[in-house]
Structure formats: structure tokens, C-alpha cells
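Analysis of the macromolecular model
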Amino acid sequence: MRYDLVVRDGVVVDGSGGARYRADVGVTHGRISRIGRIKERGHREIDAEGLVVSPGFIDGHTHMDAQIAWDPLGTCSCWHGVTSVVMGNCGFTLAPARSDQRHLVVRNLERAEDISAEAMAKGIDWTWETYPEYLDTLERLPKGINYAGYVGHSALRTWAMGERAFEEEASPDDLAVMARELRDSLRAGAMGFTTSRTFNHQTSDDRPVASRLANWGEVVALVGVMGDLGAGIFELANEDAARSTDESKRDEYYGRLMDLAVKTGVPMTFGVNSKREGQGEHRKVLDLLDRTAANGGRMFGQAHAREFNVVLSFKTQIPFDALPEWKELRSWSLDEQKRALGDPSMREKLLRAARDGDWPTGVGAEARKPEYDWIRVMDGPTPPYRTVAEVAAERGVDPAECMIDLALESDFEQFFLQPILNGNLDVVLEIMRHPRCIPTFSDSGAHVSQLMDSSIPTHLLGYWAREREAFTLEQAVNKITLAPAVAWGFHDRGLLREGLAADLCVFDPEEIGPDMPYVAHDLPGGSVRLVQKSRGIAATVVNGEVLLEDGNHTGANPGQLLRGPLAHR
């Protein structure tokens, strides 16, 4: 037999969670055709001696909907062994969008997901209106990795209601238009329907994004469309009641979620985090997942793999940006800021504002009022980290001055991490270990100057599996391959078996992990984003073709659009 690709002499960790074994992996026409000893030479070969061969990693929570238009490779996800992503989460999609109302879709995305309106204007060739037309556009675009997409509630509302989507509840006629487009989207291959109910999703003019104007009845009706069709997943950013200290409010909300999952039969998913201090509230959510299953519904959680950190730096955002005394300084070039921060009188004025300033409430992944006992000095890609308060005490200076000094000493390269959620890593581990939770939630493609979580898979393998030994390698690989493939219905991926799609990651288990992030201006129009690569990955294979070797693009674009189940019926 002639093989297109042979990955030779590797240690196979097949995604099932079962024990590793040594074997060759042969690929023909994009599929795994042989696992075992292969005598024949392949048209192309990868020497995997001393390396692990696993399925490609799957990320179920991204916002690559815009980025795919200008970045076929799928960075930063691809650099971390990710071969398939699901986009369109939290109700945010670029379709449906009427040609004269595209600005409404951009309004939903710009602040809530930190996707530059300038980048979208310069980088997207709008060739669609309906969601099926958007999928057809994605089918034609060059793709390095595989993409699947939901249809978003905010886009559905603006499709049906225009400007009224940001102002009022939907009428029966409005809802009928949304339901019709949702049905058409699912039949064309949408993975499901998503929405946001959270205060954290706002527009640039401080209004709720469109989906937040919907009453619960509207949500129930649209999820019911999926129930009637027998296809689709419902993903949501939870209502603020999920984090309420009022147990009656929280229980009422969880009851609504469980009832909806059980009555419609539609699988439901959302993020599972803990408050920063980690006081046990996460167990209520884990219990909800289990109770829903016991009552005949299906609900799975999306776990993070570390603290939910806002990434701070003088090159992107810092908490002081919100203060009037800092705004002018932060509008200057970095060289001008450096000179100003060296001026004692200017520095004292800024420090006084940092001590006594009136801090606005941050939303989403925006920087918050600094609590220096929590802000970490990021001196490596993985924990442990010292806090700004600790470093300031060592230096005998004010914590705000410490941040300034560290920034100047590094020529503004210093990063800081500001946890919003998941401050207790023992709680993070408990959530990840729950059988109904899947480590994902990278938000790749969004929050591009605020977060850097595309590295969740390499962080899981490098920190939790190798450094902490909290998972075996087999368990960790299962969590980011077969587990998400089953949850999102990718039946031919996430597992190394003959006949399945040849999405592979070849890596050194003693080296794999994230590198330090850096700031780039590589978006259309030169907008800023955080970039993070990895170490220890020798090759990434997508649909049988080598996409990356040692982090370098081979020039191939073998990715595919993964359409939902109704498109194949």
C-alpha cells in the first residue's frame, strides 16, 4: 500500500484515555489508513522517535468568525496543536447581516469581544447576507485548520429587527423571522444557536448587546426550533443570576436551564468558572450538570485551565487607562510615555491618581481597578507568579510605582496578569476533572488585546500533566481530543483509529508548553493583538497534510468547513 504520510516510531496516545503504545501511523487520502508497524515508505514521512503522536486538539469556544477572513492559518490556535475550532459563541456572529445593516453586527462584536471595527472593515469581504451564504463563503476560503460555526442570537435579532434589536423585545413577527433563519442555518450546517445574557457583553456606547434585550420566552422559542429539528447545540453566556449571592435567584435560573434542556432534548453548554476567591459556588453548577443528566437532559460545562486573567501591559491595556490623569499620557507614543514617566513631577501626579482615582466598572475582559495582592508579575508562561504587592514590598515602593518601574526596566515588554475569575487553582482542577466538563474556552479570535488563552491545550499538557502531575498524559490528551469531539459531534475526529480523519499533533511531552506572549500589530489596518506561540510541537497535521513543522507553516491550507448534522441528511 502507498501512504501519503507516515508518522514513524512515535508513541501513540490515541485520545481514548487508554494506555500509550508505540506504533507508526499511516495516512492515505486524508484518513488514517494504518496504525501499527509500516514497512512501506510514505510519500512524506515524519520521524516521531521519542515523540507523542495524538489526535489534533479541538477548541469548542472561539470567536474566529472575523479572523478567518484574513488569517487562513488560524493563529494563535494552530500554534498550540489545535486542528478544529468551533466559532460563533455567545451569540456573536457575522451572519445573518443585511448589506445595509452590517454596522449593527460590528456593534455587537466590537467591545463585547474586542474585535477591531477597523480590522473588520479592512479585512472582511462581505459577500453574504444570510447565514447559509456565510457558510458557503467559509467553504471557499483557504483554511489551515477546520472550522465549525454556530449562528448567533445578536445577529439573528438585528437581522429581524434592525436598530430595534438594541431597544426592545421581539414581536411575534420578529420571532418568526429569527426562527426561519435559524432553521435555514441549521439545515445549511450551523452547529447550533448561541446567545449572551450577561452584563459583561456591552456595546461601545455602553448599551447591552442585542441578545440581552430578549426575554426568556424568546430564548425558549429559538432553542425549541433545534428541538423540533432534532439537531443543534445551545451555547450561552449565562445570566448574572448564575453568580448571584442570592440562592433563590440562582436556583430559579438553574431550574430554567435544566427545564429547557430536558424538555427540548437540545444539548446545552456554557462556561464553568469560580469566583476569584473560589468559595465553592462552582459546585452548584457541577451539580446542575449532573441533575440535568439524571433528569434526561444533556448539559456539559466548558472549563478553563488556569486563572481567567486579563493580560496587562503598557503596550496594550493597564488599569490606569481609565483615569483622566492617565488618558493623555496613554495616547502618546511609547517613547513619549517613557520620557514622561521619568519626570518626577509627572510620575507623582500619576501615582496620586492611581492611589486616589475614581475607578469605573470594567466589563468583559477590560482591565479593572488594581488590587495589587491579586495582580501577578508574569515572568514566565506558567505559574507560580509573585504578586505586584510582593514585588513592591521587596523593593520598598508603592505598588503602582512598582508596575511603572517593571515596565520601564523591560522597555515596556513586562506583562501582568489580573485574575477576574478562577483565583483558586485547586478549584480550577476540580472543575476540569469533572466528567461533564471539557477544558476549552480560549476565546481565540476575540479579546485580542486583552486575553491570551489559545494556549489552553499546551498549558494543560505542560503545566497540569507534566509539572503538576494532576493528569496522566493519556487523561490530558483525552480532555482536549475525544471529549470535545464527542460533545460537539465531530464523529470522525478526536481519536486515532483507522478510517478517521487524519488530524494529528506530534509533540515532545517533556517540552510541550506555551511560550511567553508578545504584542504584534498584524491585524488588518495595523490594530494590536497579543500573540503566543508554543514549544515542543514538532508537527501539526490537518486532514492528512502537514500544516506546521516546528511551528513553521508549510504553505498547505488543508482545513475544512465542518458542517452540522442536518447538512448531511
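Refer to the structure presented above.
What counts and how
- Residues numbered from 1 in each chain as written.
- Predicted model: local features only at pLDDT ≥ 70, side-chain atom pairs only at ≥ 80, totals over all residues.
- Heavy atoms only, no water.
- Pairing = 2+ DSSP bridges.
- Helix = DSSP H or I, 4+ residues; strand = E, 2+ residues; numbered from the N terminus.
- Axes fitted to C-alpha atoms, helices over the stretch in contact; angles between N-to-C directions.
- Salt bridge = Lys/Arg side-chain N within 4 Å of Asp/Glu carboxyl O.
- Buried < 20%, exposed > 50% of the residue type's maximum accessible area, 1.4 Å probe, protein only.
- Contact = heavy atoms within 4.5 Å.
- Parallel < 35°, antiparallel > 145°, perpendicular 65-115°, else oblique.
- Nonpolar A, V, L, I, M, F, W, Y, C, P; charged D, E, K, R; others polar.
- Phe/Tyr/Trp six-rings, centres within 6.5 Å; stacked < 30°, edge-to-face > 60°.
- Lys NZ or Arg CZ within 6 Å of the ring centre and 35° of its normal.
- Arc of directions from axis to C-beta.
- Core = buried A, V, L, I, M, F, W, Y, C linked by side-chain atoms within 4.5 Å.
- Disulfide = S-S within 2.5 Å.

Quick look at the sheet that holds strand S7 (residues 82–87) now. Strand order in the open sheet formed by three strands is S6-S7-S8, with parallel pairing between adjacent strands. Of all strands in the sheet, those with a lone pairing partner are strand S6 (57–59) and strand S8 (146–149), marking the two edges. With direction set aside, neighbouring strand axes in the sheet form an average angle of 15 degrees. By the bridge criterion, three bridges tie S6 to S7 in an arrangement that is parallel. Along S7, the bridge assignment pairs Phe57 with Val82.

We now examine the pattern of salt bridges. In a structure, side chains of opposite charge can pair up when their charged atoms sit close to one another. Inspection of every chain in the model, using the stated rule, returns 46 salt bridges. Between Arg276 and Glu371 there is a salt bridge, with the nearest N and O atoms lying 3.1 Å from each other. With Arg276 in the loop between strand S12 (268–272) and helix H8 (282–294) and Glu371 in the loop between helix H11 (344–356) and strand S15 (376–378), this residue pair connects regions lying 95 residues apart in the sequence. The exposure class assigned to Glu371 is partly exposed, which follows from its relative accessible area of 40%. A salt bridge links Glu307 to Arg376; the shortest N-O distance between them is 2.7 Å. Of this pair, Glu307 sits in the loop between strand S13 (299–303) and strand S14 (308–312) while Arg376 sits in strand S15; the two residues are 69 residues apart in sequence, bridging distant segments of the chain.

Our next topic: the sheet that holds strand S9 (residues 151–152). The strands that make up a sheet are held in pairs by hydrogen bonds between backbone atoms, and each pair lies either parallel or antiparallel. Taking strand neighbours across the sheet as the criterion, the six strands line up as S9-S10-S11-S12-S13-S17 in an open arrangement whose pairing is parallel. The sheet is open, and its two edges are formed by S9 and strand S17 (437–439), each paired on a single side. Alignment of S13 against S17, held across three bridges, turns out to be parallel. Paired with Gly301 across the two strands is Cys437, which belongs to S17.

Neither face of S8 is left uncovered, since the one carrying Asn146 and Ala148 and the one carrying Tyr147 and Gly149 both have all their residues buried. Bridge count for S7 against S8 is four bridges, and the pairing is parallel. When the sheet's bridge partners are listed, Ser84 is paired in S8 with Asn146.

Here we come to the environment of Ala538. Position of Ala538 among the secondary structure elements: in strand S23 (residues 537–542). Sequence spacing of Ala538 and Leu51 is 487 residues, and the spatial spacing of their C-alpha atoms is 8.3 Å. Among residues more than four places away in sequence, those in contact with Ala538 are Leu51, Val506, Phe507, Leu548, Glu549 and Asp550.

With that out of the way, let us pick up the packing of helix H3 (residues 131–140) against helix H5 (residues 172–188). Across the interface, H3 lies against H5 with an axial gap of 8 Å and an inter-helix angle of 25 degrees. Of the possible angle classes, the one that applies to H3 and H5 is roughly parallel. Listed contacts from H5 to Tyr131, Pro132 and Leu135 of H3 are Glu181, Asp184, Ser185 and Ala188. Per-class residue counts for the contact of H3 with H5 are four nonpolar, one polar and two charged.

With that out of the way, let us pick up the packing of aromatic side chains. Within this structure, the stated rule accounts for 13 aromatic pairs. Pairing Trp128 with Tyr134 gives two aromatic rings, centres 5.0 Å apart and planes at 65 degrees, and the pair type is edge-to-face. Each of the two residues, Trp128 as well as Tyr134, counts as buried. Between Phe193 and Phe234, the ring centres sit 5.7 Å apart and the planes meet at 10 degrees, which makes this aromatic pair stacked. Here Phe234 lies in strand S11 (residues 233–237) and Phe193 lies in strand S10 (residues 192–196), a separation of 41 residues in the sequence. Just as Phe193 is buried, Phe234 falls in that class too. A connected cluster of aromatic rings, assembled from ring pairs, spans Phe314, Phe320, Trp326, Trp359 and Phe412. Here the basic side chain of Arg433 rests over the ring of Phe471, its NZ or CZ set 5.8 Å away from the ring centre.

Before going further, it helps to spend a moment on helix H12 (residues 388–395). Listing the buried residues of H12 in full gives Val388, Ala389, Val391 and Ala392. End-on view of H12: buried residues confined to an arc of 165 degrees, all on one side of the axis. Of the residues in H12, the exposed ones pointing more than 90 degrees away from the buried face are Ala393 and Glu394. Elements that come into contact with the buried residues of H12 comprise S15, helix H13 (399–409) and strand S16 (415–421).

A separate point is helix H1 (residues 102–110). Three or more residues of H1 are buried, namely Leu104, Val105, Val106, Arg107, Asn108 and Leu109. On its buried face, H1 sits against helix H2 (117–123) and helix H4 (153–161).

Once that is clear, we can look at the nonpolar core. In terms of nonpolar packing, the biggest core is built from 120 residues, with Leu94, Phe234, Leu257, Phe270, Trp464 and Phe507 touching the most fellow members. Ranked by residue count, the leading element in this core is helix H6 (residues 216–229), at seven residues. When near neighbours in sequence (up to four residues on either side) are disregarded, Phe270 contacts Leu236, Asn238, Leu257, Val285, Leu288, Leu289, Met299, Phe300, Gly301 and Gln302. Grouped together as the second largest cluster of nonpolar side chains are 35 residues, Leu329, Leu350, Ile375 and Ala389 included.

Another aspect to go through is the environment of Ile420. Here Ile420 lies in strand S16. With sequence-adjacent residues up to four places away left out, Ile420 is seen in contact with Arg276, Phe308, Val310, Gly364, Ala365 and Arg368.

Glancing now at the state of the cysteines. Tallied over the entire structure, the rule returns zero disulfides. Left unpaired, Cys90 is separated from the closest cysteine sulfur, that of Cys437, by 16 Å.

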